[in-house]
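# Coordinate analysis (summary)
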Amino acid sequence: MADQNTPMIQKPLSGVLLREATSEDDAQIRTLFRRNAMSGRISLAADCDPSFFAAIEIEGWARRTMVAESEQKIVGVVSMAKRRMFLNGAPADAGYAGSLRLDRSIRRTTIMSQGLLLVKQWHQESFDVPFYLFAILNDNMAARNVLTSGRVGLPPSQYIGTLYAAGIPLMKRRLPRPPTSVRVVRGAEVGAAAIAEFLNRIGREKQFFPVYTAEDIMKEDQILRGLGLNDFYVALSGNQISGVMSCWDQSLFRRIVVTGYSGYMRWLKPIIATFCKATHLAPIPAPGEPLRNLYAACIAIRENNRQIFTLLLNTILHDRYNTGHSFLIAGLMACDPLLPALKKFLHVPSRTGIYSLSLDGTDTANQLDGRVPYLELASL
């Protein structure tokens, strides 16, 4: 976020003022998120209490947030951030655009083309990256049609692929038996430096894998906010790391809240509640309550070994049962060689399209080699 005393302002069109957000806007932005629920059989809204600006730290560095204001009321928001990631095997900077929310009152105005002018200005001032990544749920056809069509003056976007997310229920499981000479330990036993080195050595084999440092792992805030050293699970083959996976609880700063049930889910909810009670699963949330999810993150497996991946995932599922959470969400791109192992778990699937957009007109997709993409689901 830039200097809050000198917010950038875009001349208003259609009665809407675009400017840079300040800390004084935090409460209104959080209210905007809550009232813009994604409709469906289960309606969901994002909740980033107690601080929107703290919640988006996980989106990257050099963050800036734009708000749309109408009659002193915030009716739209979008954030931009710079991320350090591996591109073609080398550390590089790229952008990320997220947290887009617009009230219905301005979705048919010139707000998108108006905001693009300010976005381009910020790109030159603060980011200067070759492209920006953004994510759209496959079910959100309206957003996909607007953001990928070029109709509002946006440059053409490149489709990167589909991120497959599996919501695995946290039920009672046996502690998995590791293969001979393999053991699973928590992060403190090997240390942050060894974990970061392994993540970067294995992560460079995949496109967009985040670049992590030991300091990132040890910090209580920034890009791994809420993720502690002992939230990392490490598979050791002898004294060598063969896989890393973390379990990320973001409930203290970012949640998905159920705002309502409709259609068949309205009458199915009592049946599911009874099933959850009988199987000792966490109860299904009532309207106004958050989904009690955890995230599998920082997934790095040497040689994409599916046995090690399954071992780490099963260990987390065992350990985090009966902690008040309902699901462990794990996400891999559709072309990831580890995905078949993930799909073997009983799960609820969802799919998100990943796109790149260059504000300089560069064809970013043709500059990337054939490495499998990896997107940190918990940071989207």
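Throughout, residues of each chain are indexed from 1 in the direction in which the sequence is written. For this predicted model, a pLDDT threshold of at least 70 governs which residues receive local features, and a threshold of 80 or more governs which side-chain atom pairs are given and counted, while totals over whole chains, interfaces and linings are taken from all residues. Excluded from the side-chain calculation are hydrogens and water; included are all heavy atoms of the structure.

## Overview of a nonpolar patch on the surface
Patches draw on residues past 30% relative accessible area with no salt bridge. Two like charges within 9 Å are joined, as are two nonpolar side chains (Val, Leu, Ile, Met, Phe, Trp, Tyr) within 5 Å. The accessible surface values rely on the Shrake-Rupley method and a 1.4 Å probe; as for residues, cover is taken only from the protein chains in view. In what follows, salt bridge is the name for a side-chain nitrogen of Lys or Arg lying within 4 Å of a carboxyl oxygen of Asp or Glu. On the surface, a cluster of nonpolar side chains totalling about 360 Å² of accessible area is made up of Tyr264, Trp267 and Ile271. Relative to the elements of secondary structure, Trp267 occurs in helix α8 (residues 264–278). Secondary structure elements are defined from DSSP: runs of H or I of at least 4 residues count as helices, runs of E of at least 2 residues count as strands, and each element is numbered from the N terminus.

## Re the nonpolar core
For the purposes of this section, nonpolar cores are sets of buried Ala, Val, Leu, Ile, Met, Phe, Trp, Tyr and Cys residues that join through side-chain atoms within 4.5 Å. The cut-offs for exposure are 20% and 50% of the maximum accessible area for each residue type, with area from a 1.4 Å probe on protein chains only; residues under the lower value are buried, those over the upper are exposed, and the others partly exposed. Counting residues in each nonpolar core, the largest one holds 85 residues, and the members touching the most others are Ile29, Leu199, Trp248, Phe309, Leu313, Leu328 and Leu342. Among the elements that take part in this core, strand β13 (residues 293–301) stands out by supplying eight residues, more than any other. The contact criterion used is simple: two residues touch if any of their non-hydrogen atoms lie within 4.5 Å. Not counting residues within four places of it along the chain, the set of residues in contact with Leu328 comprises Ala166, Gly167, Ile168, Leu170, Cys247, Leu294, Tyr295, Ala296, Leu313, Ile316 and Leu317.

## Side note on the confidence of the model for the protein chain
Do not read the predicted coordinates in detail wherever pLDDT is low. The predictor's confidence in any single residue is recorded as pLDDT, a number from 0 to 100. Mean pLDDT over the protein chain works out to 90, with 92% of the residues at or above the 70 mark. For the stretch residues 1–6, pLDDT sits under 50, and the model shows eleven contacts to residues farther than four places along the chain or on other chains.

## Observations concerning the pairing of strand β4 (residues 61–70)
Consecutive side chains along a regular strand alternate between the two faces of the sheet. For β4, a buried count of seven out of ten residues is recorded, marking the element as mostly surrounded by other parts of the structure. Only when DSSP finds a minimum of two bridges between them are two strands counted as paired. As judged from the eight bridges shared by β4 and strand β5 (residues 73–87), these two strands associate in the antiparallel manner. Note that in β5 the partner of Ser70 across the bridge is Lys73. Hairpin connection from β4 to β5: two residues lie between these consecutive antiparallel strands, with Glu71 at a positive phi of about 55°.

## Describing helix α1 (residues 26–35)
Of all the positions in α1, only Asp26, Ile29, Arg30, Leu32 and Phe33 are classed as buried. Each buried residue of α1 sits inside an arc of 155° when the element is viewed along its axis, so together they form one side. The inward-facing, buried residues of α1 abut β3 (42–47), α2 (52–55), β4, β5 and β6 (90–102). Arc definition: it is the arc formed by the directions from the helix axis to the C-beta atoms.

## Let's talk about the pattern of salt bridges
As enumerated under the stated definition, the model contains 19 salt bridges in all. Across the pair Arg19 and Glu69 runs a salt bridge, and its minimum N-O distance is 3.3 Å. On the criterion of sequence distance, the pair formed by Arg19 in strand β2 (residues 16–20) and Glu69 in strand β4 is long-range, its members being 50 residues apart. Among the salt bridges present, the one from Asp49 reaches Arg34, with a minimum N-O distance of 3.2 Å. Placement of the pair is Asp49 in the loop between β3 and α2 and Arg34 in helix α1, with a sequence separation of 15 residues. Look at Asp49 and you get partly exposed, because its relative accessible area is 26%. You can call Arg34 partly exposed: its relative accessible area is 36%. Shared partners join several salt bridges into a network, and the residues in it are Asp26, Arg30, Arg34, Asp47, Asp49 and Arg255.

## Let's talk about empty space enclosed by the protein
Here a cavity is any set of points on a 1 Å grid over the protein atoms alone where a 1.4 Å probe fits but cannot get out, and a pocket is any open set with protein on both sides within 12 Å along at least 5 of 7 lines; a residue lines the site when it has an atom within 4 Å of a point. Grid points are joined across faces, edges and corners, and a volume is the space filled by probe spheres set on the points. For the coordinates displayed, the defined rule picks out two cavities of 30 Å³ or more. Size it by volume and the largest cavity reaches roughly 180 Å³. Residue lining of the largest cavity: 17 residues in total, with Arg83, Arg84, Pro210, Tyr212 and Ser379 positioned closest to the centre. At four residues, the largest contribution of residues to the lining of the largest cavity is made by β5. Roughly 60 Å³ of volume is contained in the second largest cavity. Secondary structure elements with two or more residues in the lining of the second largest cavity: α6 (192–203) and β13. Here the lining of the second largest cavity takes three residues from β13, the largest share from any one element. Within the lining of the second largest cavity, the residues separate by chemical class into five nonpolar, two polar and two charged. When residues are grouped by polarity, Ala, Val, Leu, Ile, Met, Phe, Trp, Tyr, Cys and Pro land in nonpolar, Asp, Glu, Lys and Arg in charged, and all others, Gly among them, in polar.

## Focus: the packing of aromatic side chains
Aromatic rings from Phe, Tyr and Trp, taking only the six-membered ring of Trp, are treated as a pair when their centres fall within 6.5 Å; an angle between ring planes under 30 degrees marks them as stacked, one over 60 as edge-to-face, and anything in between as tilted. Counted by the stated rule, this structure contains eight aromatic pairs. Centre to centre, the rings of Phe52 and Phe53 are 5.3 Å apart; their planes meet at 75°, and the pair counts as edge-to-face. Through successive ring pairs, a cluster of aromatic residues spans Phe33, Phe52 and Phe53. The positively charged end of Arg83 is found above the aromatic ring belonging to Tyr96, 4.0 Å away from the centroid. Lying over the aromatic face of Phe253, Arg225 brings its terminal NZ or CZ to 6.0 Å of the ring centre. Note on criteria: charge over ring means Lys NZ or Arg CZ within 6 Å of the ring centre, with the direction from the centre no more than 35 degrees off the ring normal.

## Let's talk about the side chain of Ser326
Examined against the element boundaries, Ser326 turns out to sit in the loop between α9 (306–319) and β14 (327–333). Owing to a relative accessible area of 11%, Ser326 belongs among the buried residues under this scheme.

## So, the pairing of β13
The buried count for β13 comes to nine of nine residues, which makes it a mostly enclosed element. Summarising the sheet, strand β11 (residues 240–248) and β13 pair through five bridges and their orientation is antiparallel. Bridge pairing links Trp248 to Tyr295 in β13. Taken together, the three bridges between β13 and β14 define a ladder with parallel strand orientation. For Leu294, the partnering residue across the bridge sits in β14 and is Leu328. Convention used here: a crossover is right-handed provided that the path from the first strand, over the helix, to the second strand proceeds clockwise when the strands point away from the viewer. Following the backbone out of β13, through α9 and into the adjacent parallel β14, one traces a crossover that is right-handed.

## Section: the side chain of Lys82
Residue placement: Lys82 occurs in strand β5. Within this scheme the basic residues Lys and Arg register as positive and the acidic residues Asp and Glu register as negative, but His and the chain ends are omitted. Buried and without a salt bridge, Lys82 has Asp93 as its closest oppositely charged side chain, separated by 4.3 Å. If we ignore the near neighbours within four places in the chain, the residues touching Lys82 are Gly60, Trp61, Ala62, Asp93, Ala94, Gly95, Ser126, Phe127 and Val129.

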